[in-house]
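Here is what each chain is made of, one letter per residue.
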Amino acid sequence: MTTKETKTQLLINAEVLEFVKSCDAADHSTHVHFSQHLRTVSFELTRYLSNPATASNLSASSALQLAKSLKPLGLTKAEIVMICNSTPASPVELYLMIEDLSDRFNEDQIESMLQLIQQYSGQQQS
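Residues numbered from 1 in each chain as written. Predicted model: local features only at pLDDT ≥ 70, side-chain atom pairs only at ≥ 80, totals over all residues. Heavy atoms only, no water.

Undergrad: How do you make sense of the overall build of the chain when you look at a structure like this?
TA: When helices and strands are counted, the chain shows 7 helices and 0 strands. Ordered by position in the sequence, the α and β elements of the chain form the string α-α-α-α-α-α-α. The buried share of the chain, taken over its 126 residues, is 30%. In the chain, the proportion of contacts linking residues at least 24 apart, taken out of those at least 6 apart, comes to 57%. Carbon and sulfur atoms make up 56% of the accessible area of the chain, which totals about 8,900 Å². (Helix = DSSP H or I, 4+ residues; strand = E, 2+ residues; numbered from the N terminus. Buried < 20%, exposed > 50% of the residue type's maximum accessible area, 1.4 Å probe, protein only. Contact = heavy atoms within 4.5 Å. Areas by Shrake-Rupley, 256 points an atom, 1.4 Å probe, with all protein chains shown as cover.)

Rendered as structure tokens:
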């Protein structure tokens, strides 16, 4: 198997889960069988990304909308992916994800980030 064209892109967990589920569905509908090792990896990945303790409560579409709304704030792609994957609910969690948060953003901007995250994830403010 050769790769004709490569494209690199950061994916959020919801997108990965959606892709793995679509591959599993295609495997069942086309009766093309993949190796047992690939099935095991697919199963474990689906189980991990579906676990409420480790999974974000964002769907792929709402995570993409959140990412678009966070982009103008000057966050890096990696920071946006981390936010979409873990949906922080407090400034402390944002400090862990965003390098030099207090130097790059004021308190109002941090609060607006948290409000955007809550809006798209459906979290209640604590």
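Back to the text.
Undergrad: Please clarify how the side chain of E79 should be interpreted in this entry.
TA: Tracing the sequence through the fold places E79 in helix α4 (residues 77–86). The exposure class assigned to E79 is buried, which follows from its relative accessible area of 5%. With residues near it in sequence (within four places) discarded, E79 still touches M97, I98, E99 and R104.

Undergrad: How should I be thinking about the pattern of salt bridges in this particular structure?
TA: A pair can form between side chains of opposite charge whenever their charged atoms are brought close. By the definition in use, this model includes 2 salt bridges. Of the charged contacts, one joins E44 and R47 as a salt bridge, the two residues approaching to 2.9 Å between their closest N and O atoms. Of this pair, E44 and R47 both sit in helix α2 (residues 36–50), separated by 3 residues, roughly a single helical turn. Two residues, R104 and E79, come together in a salt bridge whose shortest N-O distance is 2.8 Å. Here E79 lies in helix α4 and R104 lies in helix α6 (residues 101–104), a separation of 25 residues in the sequence. For R104, a relative accessible area of 33% translates into the label partly exposed. (Salt bridge = Lys/Arg side-chain N within 4 Å of Asp/Glu carboxyl O.)

Undergrad: Help me out: how do you make sense of the nonpolar core in this one?
TA: A general feature of soluble globular proteins is that nonpolar side chains tend to end up buried together. In terms of nonpolar packing, the biggest core is built from 21 residues, with I83, L94 and I98 touching the most fellow members. Only α3 (60–70), α4, α5 (91–97) and α7 (107–121) provide two or more residues apiece to this core. The leading source of residues in this core is α7, at 5 residues. Beyond its immediate sequence surroundings of up to four residues, I98 is in contact with L75, E79, I83, R104, F105 and M113. (Core = buried A, V, L, I, M, F, W, Y, C linked by side-chain atoms within 4.5 Å.)

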